[in-house]
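Commentary on secondary and tertiary structure
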Amino acid sequence: MTDWLAALSDAGLADAATALYRAEFGGEPDGVWAAPGRVNLIGEHVDYAGGLSLPIALPHRTAVAVRRRGDGRLRVRSGLAPWDGAVADVAPGNPPGWAAYLAGVVWAMHRDGLLGSDFGVDVAVVSAVPIGAGLSSSAALECALAFAVADLAGLPTDDRGRARLASCCVAAENEIALAPTGGMDQAISLRATAGHALLVDSADDSVAPVPFDLAGRGMALLVIDTRAPHRLVDGQYARRRTSVETAASSLGVSSLRVAADQGVDVAVLDDPELVRRARHVVTEIGRVRQAQILLASGRFREIGPLLTASHVSLRDDFDVSCPELDSAVTAALGAGAHGARMTGGGFGGSAIALVEASDVDRVACEVSSAARSRGLVSPAFLCVDVAGGPATRLR
Ligand code: ADP
Ligand code: MG
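Residues numbered from 1 in each chain as written. Chains lettered and ligands numbered in written order. Predicted model: local features only at pLDDT ≥ 70, side-chain atom pairs only at ≥ 80, totals over all residues. Heavy atoms only, no water.

Below, the discussion takes up the overall build of the protein. Scanning the protein for helices and strands turns up 11 helices and 13 strands. Taken against the 2.2 N^0.38 rule, which gives 21 Å for 395 residues, the C-alpha radius of gyration of the protein at 21 Å falls within 12% of a compact globule. If one aligns the C-alpha atoms of the protein with their principal axes, the spans along those axes are about 60 × 50 × 40 Å. Counting all 395 residues of the protein, 57% fall into the buried class. Summing over all exposed atoms, the protein offers an accessible surface of approximately 14800 Å²; the carbon and sulfur share of this is 51%. (Helix = DSSP H or I, 4+ residues; strand = E, 2+ residues; numbered from the N terminus. Rg over C-alpha atoms; globule rule 2.2 N^0.38 Å. Buried < 20%, exposed > 50% of the residue type's maximum accessible area, 1.4 Å probe, protein only. Areas by Shrake-Rupley, 256 points an atom, 1.4 Å probe, with all protein chains shown as cover.)

The next point concerns the site of ligand 1. In the vicinity of ligand 1 there are 16 residues, among which Trp-98, Gly-132, Gly-134, Ser-137 and Ser-138 approach most closely. For ligand 1, an oxygen atom lies 2.8 Å from a polar atom in the backbone of Gly-132. Within the contact set of ligand 1, an oxygen atom lies 3.1 Å away from a backbone nitrogen or oxygen of Gly-134. The fraction of the free accessible surface of ligand 1 (560 Å²) that becomes covered by protein chains is 77%. (Near = heavy atom within 4 Å. Polar contact = N/O pair within 3.5 Å; in protein donor to acceptor, adjacent residues only side chain to side chain.)

A few words on the packing of helix α10 (residues 323-334) against helix α11 (residues 360-373). Relative to each other, α10 and α11 sit at 135°, their axes nearing to 8 Å. Taken together, α10 and α11 sit at an angle that is classed as oblique. In the packing of α10 onto α11, the handedness of the crossing is right-handed. Each of Ser-327, Ala-328, Ala-331 and Ala-332 in α10 lies in contact with α11, whose residues at this interface are Val-363, Glu-366, Val-367, Ala-370 and Ala-371. When its residues are assigned to classes, the contact of α10 with α11 shows 7 nonpolar, 1 polar and 1 charged. (Axes fitted to C-alpha atoms, helices over the stretch in contact; angles between N-to-C directions. Parallel < 35°, antiparallel > 145°, perpendicular 65-115°, else oblique. Left-handed = near helix turned anticlockwise from the far one by under 90°. Contact = heavy atoms within 4.5 Å. Nonpolar A, V, L, I, M, F, W, Y, C, P; charged D, E, K, R; others polar.)

Relative to the assigned elements, Ala-171 resides in helix α4 (residues 159-176). Note on Ala-171: relative accessible area 7%, which makes it buried. Dropping the residues within four chain positions of it, Ala-171 is found in contact with Trp-107, Ala-108, Arg-111 and Ile-176.

On to unusual backbone geometry. Negative phi characterises most residues that are not glycine, and trans characterises most peptide bonds. The step from Asn-94 to Pro-95 runs through a cis peptide bond, and the omega angle for that step is 0°. Among the secondary structure elements, Pro-95 is positioned in the loop between β5 (83-86) and α2 (99-111). Look at Ser-136: it is not a glycine, yet its phi comes out positive at around 65°. The backbone of Arg-227 sits at a positive phi, close to 55°, despite the residue not being glycine.

This brings us to the UniProt feature "domain: GHMP kinase N-terminal" (unreviewed entry) in the protein. The UniProt feature table records "domain: GHMP kinase N-terminal" (unreviewed entry) at residues 101-190. Counting secondary structure, residues 101-190 comes out at 59% helix and 9% strand; the distance between its end C-alpha atoms is 15 Å. (UniProt positions renumbered as here; feature names shortened; annotations may be inferred.)

Below you can see the structure in the form of structure tokens.
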């Protein structure tokens, strides 16, 4: 039995969010907005090196039913613990838990002078994005609310306006939820183009759509949520980040992006571990550029080997894979995928496999049975045949 996670329709999401809103608050919301989770095709662990990544928006989204309040207060509801408070009380670590991702967005928009001091909201959340699977349910949540608030407050929602909202969402995640992430997730969730991947340049926050019409070419992207148990990996992200920064300063460049662009040889570093870390970043940025060129000229299947090379680099040079991710990648390749890799931060989370549409079920079966035979937890699957669009109003 293969476990498929469905993307809900606009109407399904809007109805569910509205029903939760009515049950929790009574009355009707002012509207319902939604923003997508994401999966990164290639360009992993390079955002904090000023690098390039190539994510797509998932068809799986998080919806928020929202009503504006005029007293500067917030009430947020989902399947998790409810939270009520005032915008003025929001601070690093407060509220704790999931509510920080919502309260932090309104806090950041206030701080940036985008909202009047009395602006508050009641919010009900429903999501089709699996939580904590490395598919950015956190950014989907932030971006859905940021877009809703922008719409309710009459703020611009052209690409420049969306970029400003994305930076508020990053601030919410880093400064209130205290998760030290880069800006790729919020960029794709707010600034995606449907049917395209997005080249996100972390050196200057610019984005550019890149064609990614899978269905039109008889292909699909199989997303494998390994459901790997949470490991004690706190601090690993920060350590990788420090290594990348140390490598850049030892090489005398402002970032490893500069090293990649200038063809600097990272093998001159003294410490062999630092060489491996830097080699991952520099070669990964090169792979993103190659993938972008192949996609732009319609040679979709040829990015497969780049995905697989990215996995090998993340596994062997960057040391962020794990048995569940390695099993999924090996099984997908064995079943005929054009390429496969872990995606997201690593140590669990999700993998992707680029496959022929007619092979989706078979590859998923093989990945499941490989997990079973290794005594690993059964994965769940998402099938993407069309890249999703950006945050939008549903009703
Ligand atoms: P990822 O973003 O990869 O899914 P994170 O650990 O960054 O994983 O974010 C997951 C956290 O975001 C959850 O633990 C929860 O606090 C919050 N979150 C995400 N989606 C929802 C949701 N639909 N309802 C409530 N909280 C959510
Ligand atoms: Mg996240």
